[in-house]
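Here is how the chains run, residue by residue.
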Amino acid sequence: SYLKVLLHFRNLSAHNQRVFDEKSSDEITRNNYHHLLGLNKDEGLNDIMAVLIIGKSLLENDDFKNFLLEFKKNLEILDNNVNTIDVSLLLSKMGMNNNWFNMINN
C-alpha cells in the first residue's frame, strides 16, 4: 500500500499537477504514527500526511529529518508569500493537523 500511495503522488508531481489536496484511491493502514500525532480516522491514509508517514517509516532518521525540515521551510515560504489563503487550511487539506512536525522527534 505504501508503494501505491507513493506512486500516485509521484505521478501527479511528474505531470506538474496539484498535489496538496489530492487523495490516492489506495490507503495505508493506520499505524503508531497516526496515534502519536492524534490524527483523525480519515487523516494520513491517502493524502500528503500519508506520504510523510511513509517517509518516516522507510527513511533513515537523518534523511527524514532533513526532508521534514525542508518541507517546513517551504511551508513557511508559502505562508510568507501567499495572503489569499491561510496555511492552516492548506495543512488541513493535506490531512495534516497541528502536530505534524512532531514526527521529527518520534
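Residues numbered from 1 in each chain as written. Predicted model: local features only at pLDDT ≥ 70, side-chain atom pairs only at ≥ 80, totals over all residues. Heavy atoms only, no water.

Novice: So what's going on with the pattern of salt bridges? Which residues, and what values?
Specialist: For the structure on display, the rule yields four salt bridges. Its salt-bridge partner being Asp 47, residue Lys 23 comes within 3.7 Å of it at the nearest N-O pair. In this pair, Lys 23 sits in the loop between α1 (2–14) and α2 (32–36) while Asp 47 sits in the loop between α2 and α3 (48–58), placing the two residues 24 residues apart along the sequence. For Lys 72, the salt bridge goes to Glu 76, with nearest N and O atoms at 3.7 Å. (Salt bridge = Lys/Arg side-chain N within 4 Å of Asp/Glu carboxyl O. Helix = DSSP H or I, 4+ residues; strand = E, 2+ residues; numbered from the N terminus.)

Novice: Which residues make up the packing of aromatic side chains, and what are the values?
Specialist: All told, the structure shown has four aromatic pairs when counted by the stated rule. Between Phe 71 and Trp 100 the ring centres are 5.6 Å apart and the planes differ by 80°, which places this aromatic pair in the edge-to-face class. Residue Phe 71 is found in helix α4 (residues 61–81), and its partner Trp 100 is found in the segment after α5 (87–93); the two are separated by 29 residues along the sequence. One aromatic cluster in this structure is built from Phe 64, Phe 67, Phe 71, Trp 100 and Phe 101. The ring of Phe 101 has Lys 72 sitting right over it, with the charged end atom 4.5 Å from the ring centre. (Phe/Tyr/Trp six-rings, centres within 6.5 Å; stacked < 30°, edge-to-face > 60°. Lys NZ or Arg CZ within 6 Å of the ring centre and 35° of its normal.)

Novice: Tell me about the nonpolar core, and name the residues and values.
Specialist: Residues Met 49, Leu 52, Phe 71, Met 94, Met 96, Trp 100 and Met 103 are the most contacted members of the largest nonpolar core, which totals 26 residues. Among the elements that make up this core, the one with the highest residue count is α3 (seven residues). (Core = buried A, V, L, I, M, F, W, Y, C linked by side-chain atoms within 4.5 Å. Buried < 20%, exposed > 50% of the residue type's maximum accessible area, 1.4 Å probe, protein only.)

Novice: Can you break down the packing of α1 against α3 residue by residue, with the values?
Specialist: At a minimum axis separation of 10 Å, α1 and α3 run at an interaxial angle of 125°. When the axes of α1 and α3 are compared, the pair comes out oblique. For the crossing formed where α1 meets α3, the hand is left-handed. Between α1, through Tyr 2, Val 5, Leu 6 and Phe 9, and α3, the contact on the second element is made entirely by Ile 48, Ala 50, Val 51, Ile 54, Ser 57 and Leu 58. Looking at the contact of α1 with α3 residue by residue, the classes come out as nine nonpolar, one polar and no charged. (Axes fitted to C-alpha atoms, helices over the stretch in contact; angles between N-to-C directions. Parallel < 35°, antiparallel > 145°, perpendicular 65-115°, else oblique. Left-handed = near helix turned anticlockwise from the far one by under 90°. Contact = heavy atoms within 4.5 Å. Nonpolar A, V, L, I, M, F, W, Y, C, P; charged D, E, K, R; others polar.)

Novice: Explain the environment of Asn 98 to me, using residue names and the numbers behind them.
Specialist: On the secondary structure map, Asn 98 appears in the segment after α5. The exposure class assigned to Asn 98 is exposed, which follows from its relative accessible area of 71%.

Novice: I'd love a proper account of α3, names of residues and values included.
Specialist: Counting buried positions along α3 gives nine out of 11 residues, so the element sits mostly inside the fold. Those residues of α3 lying buried are Ile 48, Met 49, Ala 50, Val 51, Leu 52, Ile 53, Ile 54, Gly 55 and Lys 56. Lining the buried residues of α3 we find α1, α2 and α4.

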